[in-house]
Amino acid sequence: MVNVHDLTVEEKASLTSGGDAWHFQPVERLGVPGYMLTDGPHGLRKEKSETAALDMKNTVPATCFPPAAGMSSSWNPDLVREVGVAMGEECIQEDVAVILGPGVNIKRNPLGGRSFEYWSEDPFLAGHEAVGIVEGVQSQGIGTSLKHFAANNQETDRLRIDARISERALREIYLPAFEHIVKTAQPWTIMCAYNQLNGVFGSENRWLLTDVLRGEWGFEGIVMSDWGAVHDRAASLNAGLNLEMPPSYTDDEIVVAVKDGRIPEEQLDRMAQGMLDLVEKAREAMEREGFVFDKDVHHRIARRAAQESIVMLKNEDGLLPLGAGDGAEAAEGVRVAVIGEFARTPRYQGGGSSHINPTKMTSLLDALEERGADFTFAPGFTLDRSEQTDELTAEALAAARAADVVVFAMGLPEEEESEGFDRTHLDMPAKQLELLAAVSEVNPNVVAVLSNGSAVQMNPWQENAKAILETWLLGQAGGSAVADILFGDANPSGKLAQSFPLDIKDDPSMVNWPGGDRVVDYGEGIFVGYRYYDTFDVDVAYPFGYGLSYSTFTVSDVAVEATGATSARVSATVTNTSAVDGAEVIQVYVNPADTTPVQRPVHELKGFQKVFVKAGESVRVSIDLDDRAFAYWSEKDGGWRVVAGEYGVEVATSSRDIVSRETMSLAGDDFYAELNEWSNYGEFKADTWGALAVQHMLEKGATGELPAIPEDNLGVQLFMETMPINSMPVLFGKEGRRLTQFLLEDYAAERAKA
Ligand code: BGC
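One structure accompanies this document, and this report is about it. For every chain, the first residue of the written sequence is number 1, and numbering continues from 1 along that sequence. Residues qualify for local features only when their pLDDT is at least 70, as the model is predicted, and side-chain atom pairs are given and counted only at 80 or more; totals for whole chains, interfaces and linings, by contrast, use all residues. Hydrogens and water molecules were not included; the side-chain quantities draw on all heavy atoms of the structure.

**What about the pairing of strand β29 (residues 645-654)?**
Only protein chains enter the area calculation, which uses a 1.4 Å probe; residues under 20% of their type maximum are buried, those over 50% are exposed, and those in between are partly exposed. Each helix corresponds to a stretch of at least 4 residues labelled H or I by DSSP, and each strand to a stretch of at least 2 residues labelled E; elements are numbered beginning at the N terminus. Within β29, nine of the 10 residues are buried, leaving the element largely enclosed by the surrounding structure. As paired strands, strand β24 (residues 582-591) and β29 are joined by five bridges and run antiparallel to one another. Across the sheet, the residue bridging to V590 is V649, located in β29. When DSSP finds two or more bridges between two strands, those strands count as paired. Bridging between β29 and strand β30 (residues 657-666) involves nine bridges; their strand directions are antiparallel. By the bridge assignment, V651 is partnered in β30 with S660.

**Things to note about the site of the ligand**
If you check the shell around the ligand, you find 14 residues, and the closest are D39, R114, H148, Y194 and D226. Here a polar contact is recorded for every N or O atom pair within 3.5 Å, except that within protein the pair must consist of a potential hydrogen donor and a potential acceptor, and residues adjacent in sequence are included only if both atoms are side-chain atoms. The side chain of H148 places a nitrogen or oxygen atom 2.7 Å from an oxygen atom of the ligand. Of the residues in the shell around the ligand, the class split is five nonpolar, two polar and seven charged. Throughout, near means a residue has at least one heavy atom within 4 Å of the molecule or strand. Residues are sorted three ways: Asp, Glu, Lys and Arg are charged, Ala, Val, Leu, Ile, Met, Phe, Trp, Tyr, Cys and Pro are nonpolar, and all the rest, Gly among them, are polar.

**Section: the pairing of strand β13 (residues 336-339)**
Burial along β13 is two-sided: the face carrying V336 and V338 and the face carrying A337 and I339 are both buried. The pairing of β13 with strand β16 (residues 405-411) spans four bridges and is parallel. Residue V338 lies in a different strand from β16, and its bridge partner there is V407. With four bridges connecting them, β13 and strand β15 (residues 375-378) associate as parallel partners. Following the sheet pairing, V338 is matched in β15 by F377.

**A look at the side chain of N443**
Along the chain, the position of N443 falls in the loop between α14 (430-442) and β17 (446-451). The class of N443 is buried, set by a relative accessible area of 4%. Polar side-chain contacts of N443 include one of 2.9 Å to the backbone oxygen of A403.

**Brief notes about the state of the cysteines**
Cysteine sulfur atoms are paired as a disulfide whenever they fall within 2.5 Å. Tallied over the full model, the rule gives zero disulfides. Its sulfur unpaired, C64 is 14 Å from the next cysteine sulfur, which belongs to C91. In this structure C91 comes out as buried when scored by relative accessible area, which is 0%.

**Observations regarding the layout of surface pockets**
Using a 1 Å grid laid over the protein atoms alone, points where a 1.4 Å probe fits but cannot get out form a cavity; open sets with protein on both sides within 12 Å along at least 5 of 7 lines form a pocket; any residue with an atom within 4 Å of a point counts as lining. Grid points are joined across faces, edges and corners, and a volume is the space filled by probe spheres set on the points. Estimates place the volume of the largest pocket at around 610 Å³. In terms of lining residues, the largest pocket is bounded by 25 residues, among which K636, D637, R641, A673 and E683 are the most central. Those elements that provide at least two residues to the lining of the largest pocket are β27 (632-634) and α17 (681-686). Its residues assigned to classes, the lining of the largest pocket comprises 12 nonpolar, six polar and seven charged. Along its surface, the second largest pocket is lined by 21 residues, and F124, H128, H180, D626 and R628 are the ones closest to its centre. Of all the secondary structure elements, the ones that give two or more residues to the lining of the second largest pocket are α4 (123-138), α5 (167-174), α6 (176-185), β25 (604-613) and β26 (618-625). Element by element, the count of residues in the lining of the second largest pocket is highest for α6, at five residues. Taken together, the residues of the lining of the second largest pocket sort by class into seven nonpolar, three polar and 11 charged.

**Here's the deal with empty space enclosed by the protein**
Throughout the structure, instances matching the rule amount to seven cavities of 30 Å³ or more. Taken together, 20 residues form the lining of the largest cavity, with F342, P346, S451, T471 and V482 sitting closest to its centre. For the lining of the largest cavity, the elements supplying multiple residues, two or more each, are β16, β17 and α15 (478-486). The element best represented in the lining of the largest cavity is α15, accounting for three residues. The volume enclosed by the second largest cavity comes to roughly 90 Å³. Of the residues assigned to the lining of the second largest cavity, the class counts are eight nonpolar, one polar and one charged.

**Side note on the sheet that holds β16**
Reading across the sheet, the six strands line up as β12-β18-β17-β16-β13-β15 and stay open at both edges, with mixed pairing between neighbours. Pairing within the sheet leaves two strands with one partner each, and these edge strands are β12 (311-315) and β15. Taking each pair of neighbouring strands and ignoring which way they run, the sheet shows an average axis angle of 15 degrees. Note on method: axes are straight lines fitted to C-alpha atoms, helices fitted across the in-contact stretch only, with angles between N-to-C directions ranging 0 to 180 degrees.

**As for the packing of α5 against helix α7 (residues 206-216)**
Between α5 and α7, whose axes approach to 15 Å, the crossing angle comes to 55 degrees. Comparing the axis directions of α5 and α7 gives the class oblique. In terms of crossing hand, the pair formed by α5 and α7 is right-handed. Between α5, through E167, L170 and R171, and α7, the contact on the second element is made entirely by W207, V212 and E216. Classifying every residue of the contact of α5 with α7 by side-chain character gives three nonpolar, no polar and three charged. Any angle between 65 and 115 degrees counts as roughly perpendicular, while under 35 counts as roughly parallel, over 145 as roughly antiparallel, and the rest as oblique. A clockwise turn of the near helix away from the far one marks a right-handed crossing, whereas an anticlockwise turn of less than a right angle marks a left-handed crossing. Should any heavy atoms of two residues lie within 4.5 Å, those residues are considered in contact.

**Let's talk about helix α3 (residues 77-93)**
Given a helix with a known number of residues, its expected span is that number minus one, times 1.5 Å. Helix length check: α3 (17 residues) gives 25 Å between terminal C-alpha atoms against 24 Å at 1.5 Å per residue, within 8%. Of all the positions in α3, only P77, L79, V80, V83, G84, A86, M87, G88, E90, C91 and I92 are classed as buried. Looking one or two residues beyond α3, the residue adopting positive phi is D95, at roughly 55 degrees.

**Some details on the packing of α3 against α4**
It is at 6 Å that the axes of α3 and α4 come closest, and there the two elements cross at 30 degrees. Handedness of the crossing formed by α3 with α4: right-handed. On the side of α3, the interface is formed by P77, V80, R81, V83, G84, V85, M87 and G88, while α4 contributes H128, E129, G132, I133, E135, G136 and V137. Grouping the amino acids of the contact of α3 with α4 by side-chain chemistry returns seven nonpolar, five polar and three charged.

These values are about where atoms sit, not about what they do.
So, in structure tokens, the structure goes:
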């Protein structure tokens, strides 16, 4: 194995930038290969021309799995892992050592252009789902690149905007998905974000790339830049960035910087050694020859993943499923009209660097034909911006009139959602909504099948559909998956990974969205998504965690017990009370203790489990809550705190459907905040040793050894209470300094005795 000390400075420098847009640089003299790395994240996007960064769509065929917008609604980490394994196999076949994904940035605002590529508005969910991609891919000896580290939550001005975020919001919202995945799955690589975080570019942010990522979380892999995110190679290298992508062909500058001392040679060694280690990890898989993945097997995985990505938002009169569960035969006699161009031309992935060239493509029409379903089709509208025509409307209405049920395939056209820009509104295209209204007039039995990468405005149009399937973007097998759900061959089990606001103006980040003057302030702090809606009782169209099933479930016998000073276990029994096998997602939210000294959301997701329960059967689930489930980030103490107190633990089936709420006492962590001159008088009185110091000070006041505190002067008493003790001279003049000093010394002496 090649060690960094075998390399010349020039060779070491060469390892810290790519050979071209999609390869590491080899060191041929020592047999270090220049393996390939490429996008990601929901399938392999390997460009046919290996050097042209702009040849976005000319890529080798690969399975297009549902993008994160869909997969995240599965709440099924095992399924995500299976997808990861399949992606890893495709990388082996295509000689790709590292696939660029998953992206786990928080959906701060549903308008975010890459919402379709990101997992959730909730960091716990994002981390616990996306970790499956990392585990799955890496189980095949292929690397992943967790991206974009950190705070790439919008596309507007993404290459240079300065995201200004409090440390608490970073620690509680924007970093935990990264942290969880780093700690549990060690992604081989991490990709830094383009944007600045609190004034420092992601590529140069030593606090992020070295102190937090490696120092605190124990990251062992390498950090690469997002494509073109490096502006000062020496600064990036010193900050802990191993690899610049694509290369700027400036390795000679690194050599000079080492020679003139701007880059310590040990730092270059560390960064280059990381690259050598990475290449070694990939070697076994890259040396496999002749491996061919099974396209059909992967298509079937994509289909199952798509089934579980679908969220049933509404199902009035039990309109769905169309059959009784046995497919087309059972639906016989039901005349179905499929209306909407999306049924023929599916929207199955988002635009930009994640665009995959699928191995196979099944539209809803293909899937219906495949299963021999009896249906008519009318495109209803075009996907471009052209005006609606009377012919299209008339044809759609005629089809609707002649049918028992209308499946209305609607959504956002491709041009509305992509990497590179944010949406400016949540509205669905007007011509689709007008047609839907007209269709529902002639036939009220409408099933709306929605294709979109992030939340859309649901009102008032949703009144025109009795049933709604939110199908997100479902990848290449989406058509089959939708048909499976429509006919009851699959039972919807998806749950929303993001809230659907009634109006985008309700979103807490709107006051600072998308910023301006190259700055965006995350003024809403930790109150992102449901954390805000639920805390401030703001109505939503559909809450976080919501989704219906063809089954019905009850949740009973909830038990909550503390398992330590800062941990607990929750158990519950889930019973499927219907005649259909199905899955429910048990969600555990924690209510903060009222002893918490900072504002916290009314509840936060801290555990979940998807349970498959056969008709009429019950399953007992048990979910462990660790200390992070109860902790908040203390800006004052610079760390996580679990205060002693009564916490609430909710078992729920959405953030608004709480089945049970139990309270439980926790002893809390053993953190002790030392008092100092900035502690106030009240804090001294509340502290065991501080109170002794106060008592001794009062005693000395009575004997005249120290100035006396006027106990009958309410004004002084109140003022003192919240006054840092270093302000004593304000009330007691020069003598006040003796009081400050006495309190500090006496407190220290009492502490020393303890
Ligand atoms: C995107 C990354 C992507 C890279 C390579 C960048 O513009 O932000 O997510 O992996 O391009 O295509």
